[in-house]
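Reading the structure
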Amino acid sequence: YTTISNVTDNPLVLSDFPNGQYRVYAKPNYTSGKNCPESVMNTPTCTGITSLSAIFTDPNIVVSYSCDPSVPKVRINLSYPNGGFSNLIVTNDGNDVNILPPAGVYGTYLVTIQPVCDEDSGFFGAATAPVALEIAAPSP
């Protein structure tokens, strides 16, 4: 716990901490020894993704998404069939994103997307359910 003296705001106003999602527990300490219950406050989550789709159009994975315009950026996550992983943060402009998969890696790729509310503080929302897409090995 951190004790903050002389707080008179009701409701409690917190400031000067990195942008993110927090659960704050507050309990008043009275000089008279009066015991009050703790109150719990949750700051807003980072949300905004409403749709995601991905297809393979040789040579690119084309990712289409929809996200609330108030979210500045999105992070596209790509899991490779061989266990590899990459991600890309792009400006949330609603345009399709072309991703060139690694050469010679064939199989099922998984694509997810997350809202990025504050890249500097690492305030990202939860990833969507994955979209699976198959990149088949070329015929001999």
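Structure: above.
Residues numbered from 1 in each chain as written. Predicted model: local features only at pLDDT ≥ 70, side-chain atom pairs only at ≥ 80, totals over all residues. Heavy atoms only, no water.

1. Examining unusual backbone geometry
To be explicit about the condition: A run of H or I in DSSP counts as a helix once it spans at least four residues, and a run of E counts as a strand once it spans at least two, with each numbered from the N terminus.
With an omega dihedral of 15°, the bond running from Asp58 to Pro59 counts as a cis peptide bond. Examined against the element boundaries, Pro59 turns out to sit in the loop between β3 (49–57) and β4 (60–67).

2. Examining the side chain of Asn77
Under the convention used in this document: Exposure classes here rest on a 1.4 Å probe applied to the protein chains alone. A residue is buried below 20% of its type maximum, exposed above 50%, and partly exposed in between. Between N or O atoms, a polar contact is any pair within 3.5 Å; within protein, one atom must be a potential hydrogen donor and the other a potential acceptor, and residues adjacent in sequence are included only when both atoms are from side chains. Note on contacts: a residue pair is in contact if any heavy atoms of the two residues lie within 4.5 Å.
In this fold, Asn77 is placed in strand β5 (residues 73–79). Take Asn77: its relative accessible area is 6%, and that puts it in the buried class. In terms of polar contacts, Asn77 uses its side chain to reach the side chain of Gln114, at 3.0 Å. Once you skip the residues sitting within four places of it in the chain, Asn77 turns out to touch Phe85, Ser86, Asn87, Leu110, Val111, Thr112, Ile113, Gln114 and Ala127.

3. A short note on the pairing of strand β6 (residues 85–91)
We apply this condition: Strands qualify as paired when DSSP identifies two bridges or more between them.
Examined bridge by bridge, β5 and β6 share seven bridges and lie antiparallel to one another. From the neighbouring strand, Lys73 faces β6, where its bridge partner is Thr91. Between β5 and β6, which follow one another and run antiparallel, lie five residues, and Gly83 among them has a positive phi close to 95°.

4. Overview of the packing of aromatic side chains
The test is simple: Stacked, tilted and edge-to-face are the three classes assigned to paired rings of Phe, Tyr and Trp, where Trp is represented by its six-membered ring and a pair needs centres within 6.5 Å; plane angles under 30 degrees give stacked, over 60 edge-to-face, the rest tilted.
Summed over all chains, the structure comprises one aromatic pair. Consider the rings of Tyr80 and Tyr109, whose centres lie 5.8 Å apart with planes at 65°: the pair is edge-to-face. With a gap of 29 residues between them, Tyr80 in the loop between β5 and β6 and Tyr109 in strand β8 (residues 107–118) connect regions that are remote in the sequence. The residues Tyr80 and Tyr109 share a single accessibility class, namely buried.

5. Here we look at the sheet that holds β4
Applied cut-off: Each axis is a line fitted through C-alpha atoms, taken for helices only over the stretch in contact, and angles between the N-to-C directions span 0 to 180 degrees.
Sheet architecture is open: three strands sit in the order β3-β4-β7, paired in antiparallel fashion. Taken across any chain shown, the strands that pair with only one partner, and hence form the sheet edges, are β3 and β7 (97–99). Neighbour-to-neighbour, the strand axes of the sheet open up by a mean angle of 20°, direction not taken into account. With eight bridges joining them, β3 and β4 adopt antiparallel strand pairing. If you follow Ile49 over to β4, its bridge partner there is Cys67.

6. Overview of the pairing of β4
With antiparallel pairing between neighbouring strands as the criterion, β3 and β4 make up a hairpin whose turn holds two residues. The pairing of β4 with β7 spans three bridges and is classified as antiparallel. Its bridge partner lying in β7, Val62 is registered against Asn98.

7. Remarks on the environment of Tyr106
Inspection of the secondary structure assignment puts Tyr106 in the loop between β7 and β8. Residue classification places Tyr106 among the partly exposed positions, given a relative accessible area of 40%. As for Tyr106 and Pro81, which are separated by 25 residues in sequence, their C-alpha atoms are 6.8 Å apart. Ignoring sequence-local partners within four residues, the contact set of Tyr106 consists of Pro81, Ile135, Ala136, Ala137 and Pro138.

8. Things to note about the pattern of salt bridges
Note the following rule: Criterion for a salt bridge: a side-chain nitrogen of Lys or Arg within 4 Å of a carboxyl oxygen of Asp or Glu.
Inspection of the entire model under this criterion finds one salt bridge. The salt bridge involving Lys73 is made with Glu119; its shortest N-O contact spans 2.8 Å. With Lys73 in strand β5 and Glu119 in the loop between β8 and β9 (123–124), this pair connects stretches of sequence that are 46 residues apart. The class for Glu119 is partly exposed, based on a relative accessible area of 37%.

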